[in-house]
Amino acid sequence: MSVPTAAHPVLSPALLQRFGGAGPRYTSYPTADRFVEAVGPDDGLLALTERAQGGPAGGGAGAVLPLSVYVHIPFCESVCYYCACNKVITRHHERATQYLDALDTEIALVSRALGRPQAVSQLHFGGGSPTFLSDAELERVMSSLRHAFRLTDAAELSIEVDPRTVNAERLLWLRQLGFNRLSFGIQDFDAQVQQAVHRVQSFDSVQALMVAARKLGFDSINADLIYGLPQQTPASFTRTIAQIGLLRPDRIALYAYAHLPQRFKPQRRISANDLPEPADKVAMLASAIAGLGAQGYCHIGMDHFALPGDALAVAQRQGRLHRNFQGYSTQPDNDLIGLGVSAIGRVGLSYVQNAKTLPEYYDALRQGRLPVVRGYVMNRDDLVRRAVIMALMCQGRVDFESIELSHLIRMGTYFARELAQLAPLAEAGLVEIEAGALQVTAAGWYVVRAIAMVFDRYLQQDQQRAQFSRIV
């Protein structure tokens with residue numbers, strides 16, 4: 001897979017202007033904005049029941065693979081101004097009790113529909129801040145999950161950690177609960193940037209947690225970074241990248257800040273005048289790619305990095321990289337169970353999303369029904385396009401023969417219009433159109449979302465992109 005390096009020039013301002021507009025991140029296809037309210041609790045129940053019976057016709061191998069499970073814990077003690085997650089800001093920790101009661105009900109409903117404890121090979125706690133919960137509350141959730149599902153011996157059990165909410169003793173407790181992977185939300189080490197986004201945490205405190213986590217034997221430690229935040233400069237972010245190199249996490253997720261204050265209220269506290277210019281954002285990304293590469297990290301897809309021995313880097317080399325709502329994954333195309341407020345799942349051909357507000361989530365569960373409020377059932381065309389888009393996003397390459405054999409189509413015929421639409425991207429040196437394949441170039445990785453968008457039938461039909469973040 002080609003990735004940008006010091007030997008490759010960064011994206012020019014002209015190409016940035018042409019191809020760096022708004023677009024989906026493609027953690028799914030179709031994207032979540034295509035979900036409809038016509039899909040509800042009965043559809044979610046049907047998808048689970050069909051999995052229990054072997055899966056719907058055309059649903060693929062998901063029904064015979066272990067499950068992935070995502071648990072959403074929405075609570076945070078304080079707001080980070082950049083945040084676009086579904087969250088509840090509160091210092092009243094007693095609010096977690098009602099939420100965990102509801103979560104237990106949802107787990108029981110899902111378990112009953114599946115019929116028996118099914119194998120789970122991947123479990124992820126996200127938020128919000130999962131470490132908002134007390135040690136006893138985290139133990140309660142894990143106990144409920146272990147009762148409802150069968151965690152495989154090699155299961156990846158990960159949790160997002162706000163460094164401001166844990167110490168070495170809490171990390172020990174997480175390890176004893178079975179978690180073997182941690183993801184620290186760092187974002188940036190620059191003090192001015194931290195103050196601008198209302199998330200202050202020192203390098204020394206994070207370093208102490210990293211050292212403790214390694215001593216406790218966590219299999220993999222991830223660090224989240226964001227570029228494009230207020231007060232960031234290429235120089236300041238270069239310093240953050242150097243500091244990350246000192247911590248040596250196994251994985252790094254490097255996200256572009258998406259400033260969408262019309263959708264996310266906390267972002268209204270950020271002045272657009274304090275944000276770096278698009279050209280500076282590209283410079284930050286290029287510098288980070290070069291800096292992390294020099295530190296020995298492999299570039300994974302569009303926004304992840306991993307040490308060569310990490311499972312994510314191994315999966316990429318072996319062509320086994322996948323993408324889901326948590327980003328890049330080593331897991332096969334497993335069915336995903338989403339638990340908690342706003343959580344999204346995919347079972348067979350069906351995407352389902354839970355209610356986004358706590359009152360609505362609680363009300364559904366009090367009535368004894370799944371809290372699904374919208375979703376989408378994929379058709380044959382969706383499956384074909386999903387395969388192409390995920391190949392681009394994960395491997396940077398689409399081999400025509402593989403798609404043709406899997407979906408019984410002819411790429412040149414089925415995607416004649418799309419292949420023609422790639423011509424400007426090819427002329428710009430962002431993608432190579434070969435006789436039997438598409439290959440994203442090193443420069444093309446900056447705008448791989450723009451390349452994938454060509455194959456998004458829904459986006460091409462309406463061109464309504466305002467709800468998405470900028471590609472760069």
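Residues numbered from 1 in each chain as written. Predicted model: local features only at pLDDT ≥ 70, side-chain atom pairs only at ≥ 80, totals over all residues. Heavy atoms only, no water.

J.: What is the right way to look at the pattern of salt bridges in this model?
T.: A pair can form between side chains of opposite charge whenever their charged atoms are brought close. Inspection of every chain in the model, using the stated rule, returns 23 salt bridges. Notably, a salt bridge pairs Arg25 with Asp303, separated by 2.3 Å at the nearest N-O pair. A residue pair is termed long-range when its members are at least 10 positions apart, and Arg25 in the loop between α1 (13-19) and α2 (41-52) and Asp303 in the loop between β9 (298-300) and β10 (304-306) qualify at 278 residues. Overall, the relative accessible area of 25% leaves Arg25 in the partly exposed class. The exposure class of Asp303 is buried, given its relative accessible area of 4%. Between Arg91 and Glu77 there is a salt bridge; the shortest N-O distance is 3.4 Å. You can see Arg91 sitting in the loop between β3 (88-89) and α3 (95-114) and its partner Glu77 sitting in the loop between β2 (75-76) and β3, a full 14 residues away along the chain. (Salt bridge = Lys/Arg side-chain N within 4 Å of Asp/Glu carboxyl O. Helix = DSSP H or I, 4+ residues; strand = E, 2+ residues; numbered from the N terminus. Buried < 20%, exposed > 50% of the residue type's maximum accessible area, 1.4 Å probe, protein only.)

J.: Please explain unusual backbone geometry as it appears in this structure.
T.: Peptide bonds are, in most cases, trans, and in most cases residues other than glycine have a negative phi. At the junction of Tyr29 and Pro30, the peptide bond is cis and its omega measures out at -5° in the coordinates. In the segment running from Gly127 into Gly128, the intervening peptide bond is cis, with an omega of 20°. Looking at the element boundaries, Gly128 is found in the loop between β4 (119-127) and α4 (135-148). Of note in this structure, Gln187 is not a glycine but carries a positive phi near 75°. Tracing the chain through its elements places Gln187 in strand β6 (residues 181-187). Since its relative accessible area comes to 9%, Gln187 is described here as buried. The phi torsion at Ser342 lies on the positive side, around 70°, for a residue other than glycine.

J.: Explain the side chain of Arg170 to me, please; I cannot follow it from the model alone.
T.: Summarising the element assignment, Arg170 is placed in helix α5 (residues 168-177). At a separation of 2.9 Å, a polar atom in the side chain of Arg170 contacts the side chain of Asp135. If sequence neighbours within four positions are ignored, Arg170 has contacts with Thr131, Leu133, Ser134, Asp135, Leu138 and Thr165. (Polar contact = N/O pair within 3.5 Å; in protein donor to acceptor, adjacent residues only side chain to side chain. Contact = heavy atoms within 4.5 Å.)

J.: Is there a simple way to think about the confidence of the model for the chain in this case?
T.: Per-residue confidence for the chain averages 91 on the pLDDT scale, and 93% of its residues sit at or above 70. Counted against residues more than four places away or in other chains, residues 4-9, with its pLDDT under 50, gives seven contacts. Here residues 57-61 is modelled with pLDDT under 50, and outside its nearest four sequence neighbours on either side it reaches five contacts, counting other chains as well. (pLDDT = per-residue confidence, 0-100.)

J.: Quick question: what am I supposed to make of the nonpolar core here?
T.: It is characteristic of soluble globular proteins that their nonpolar side chains tend to be buried jointly. By size, the foremost hydrophobic cluster in this structure holds 135 residues, and its most contacted members are Phe125, Leu145 and Ile186. Once residues lying within four places of it in the same chain are set aside, the contact partners of Leu145 are Val71, Ile107, Leu123, Phe125 and Leu339. Of all hydrophobic cores here, the second largest spans 12 residues; its members include Tyr81, Cys83, Val193 and Ile226. (Core = buried A, V, L, I, M, F, W, Y, C linked by side-chain atoms within 4.5 Å.)

J.: Help me understand the packing of α3 against α4 in this model?
T.: Between two packed helices, both the angle of their axes relative to each other and the distance between the axes serve to describe the pair. Look at α3 against α4: their axes get within 10 Å of each other, and the N-to-C directions meet at 5°. Classified by the angle between their axes, α3 and α4 sit roughly parallel to one another. For the pair α3 and α4, the contacting residues are Ala96, Thr97, Leu100, Asp101, Leu103, Asp104, Ile107 and Ser111 in the first and Glu137, Arg140, Val141, Ser144, Leu145 and Ala148 in the second. Residue composition of the contact of α3 with α4, by class: seven nonpolar, three polar and four charged. (Axes fitted to C-alpha atoms, helices over the stretch in contact; angles between N-to-C directions. Parallel < 35°, antiparallel > 145°, perpendicular 65-115°, else oblique. Nonpolar A, V, L, I, M, F, W, Y, C, P; charged D, E, K, R; others polar.)

J.: I tried to follow the packing of aromatic side chains on my own but got confused; where do I start?
T.: The geometry of an aromatic ring pair is captured by two quantities: the separation of the ring centres and the angle between the planes. Applying the stated criterion to the full structure yields 12 aromatic pairs. An angle of 75° between the planes, with centres 5.2 Å apart, marks the rings of Phe189 and Phe203 as edge-to-face. One end of the pair, Phe189, is in the loop between β6 and α6 (191-197); the other, Phe203, is in helix α7 (residues 203-215), and 14 residues separate them in sequence. Between the aromatic rings of Phe415 and Phe455, the centroid separation amounts to 5.3 Å while the plane-to-plane angle is 80°, which identifies the pairing as edge-to-face. Remark: Phe455 occurs in the loop between α17 (448-453) and α18 (457-462) and Phe415 occurs in the loop between α14 (411-414) and α15 (416-421); sequence separation between them is 40 residues. A cation sits over an aromatic face here: Arg175 above Phe218, 5.5 Å from the ring centre. The cationic tip of Arg457 hangs over the ring face of Tyr458; the distance from NZ or CZ to the ring centre is 4.5 Å. (Phe/Tyr/Trp six-rings, centres within 6.5 Å; stacked < 30°, edge-to-face > 60°. Lys NZ or Arg CZ within 6 Å of the ring centre and 35° of its normal.)

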